[in-house]
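# Observations on the model geometry
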Amino acid sequence: MTPTRRKRRVQIVCAALLHIPIVAIAAYALANGFEAHVGILTVGLCATVAATLLIVPYIGRIMDGRTVPAAG
């Protein structure tokens, strides 16, 4: 497996794992009245998309061997 393919696989798996909470919230909302939970679904979806957009490029930089500046 090439390094690029390995990197893409890790990025896809991490993005999929980030979507687990929104799937759980959606399942709960469907079981208990969707209309009453639209607000939390919207918040969960926004948080999931934001986290995915932030983590996928970070993983790409790390797996390419580039340095990432320290926080602080």
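Residues numbered from 1 in each chain as written. Predicted model: local features only at pLDDT ≥ 70, side-chain atom pairs only at ≥ 80, totals over all residues. Heavy atoms only, no water.

## Focus: the overall build of the protein chain
On a plain count of helices and strands, the protein chain comes out with three helices and zero strands. Put simply, the protein chain runs from its N terminus to its C terminus through helices and strands in the order α-α-α. Compactness check: the protein chain gives a C-alpha radius of gyration of 16 Å against a globular reference of 11 Å for 72 residues, more than 25% above the reference. Dimensions along the principal axes, computed over C-alpha positions, put the protein chain at roughly 45 × 35 × 10 Å. The 72 residues of the protein chain split such that 17% are buried. Looking at the protein chain alone, contacts between residues at least 24 apart form 58% of all its contacts between residues at least 6 apart. Approximately 5,300 Å² of the protein chain is accessible, and the part contributed by carbon and sulfur atoms is 71%. (Helix = DSSP H or I, 4+ residues; strand = E, 2+ residues; numbered from the N terminus. Rg over C-alpha atoms; globule rule 2.2 N^0.38 Å. Buried < 20%, exposed > 50% of the residue type's maximum accessible area, 1.4 Å probe, protein only. Contact = heavy atoms within 4.5 Å. Areas by Shrake-Rupley, 256 points an atom, 1.4 Å probe, with all protein chains shown as cover.)

## As for the packing of helix α1 (residues 3–18) against helix α3 (residues 38–64)
The N-to-C vectors of α1 and α3 enclose an angle of 155°; their axes lie 9 Å apart at closest approach. In terms of orientation, α1 and α3 fall into the roughly antiparallel class. Relative to α3, the crossing made by α1 is right-handed. Across the interface between the two elements, Arg6, Lys7, Val10, Gln11, Cys14, Ala15 and Leu18 of α1 pack against Thr48, Ala51, Thr52, Ile55, Val56, Ile59, Gly60, Met63 and Asp64 of α3. A class-by-class count of the residues in the contact of α1 with α3 yields nine nonpolar, four polar and three charged. (Axes fitted to C-alpha atoms, helices over the stretch in contact; angles between N-to-C directions. Parallel < 35°, antiparallel > 145°, perpendicular 65-115°, else oblique. Left-handed = near helix turned anticlockwise from the far one by under 90°. Nonpolar A, V, L, I, M, F, W, Y, C, P; charged D, E, K, R; others polar.)

## Regarding a nonpolar patch on the surface
Side chains of Val10, Tyr58, Ile62 and Met63 sit close together on the surface and give an oily, nonpolar patch of about 310 Å² of accessible area. The biggest single contributor to the nonpolar patch is α3, with three residues. For isoleucine 62, the position within the fold is in helix α3. (Patch = residues over 30% accessible without salt bridge, like charges linked within 9 Å, V, L, I, M, F, W, Y side chains within 5 Å. Salt bridge = Lys/Arg side-chain N within 4 Å of Asp/Glu carboxyl O.)

## Comments concerning the confidence of the model for the protein chain
Looking at the protein chain, the pLDDT average stands at 84 and 90% of residues meet or exceed 70. Between the elements of the protein chain, mean pLDDT differs from a low of 86, seen in α1, to a high of 88, seen in helix α2 (residues 20–31). (pLDDT = per-residue confidence, 0-100.)

## Some points on the side chain of lysine 7
Within the secondary structure, lysine 7 is located in helix α1. What makes lysine 7 buried here is its relative accessible area of 10%. Apart from residues no more than four positions distant in its own chain, lysine 7 is found in contact with Gly60, Met63 and Asp64.

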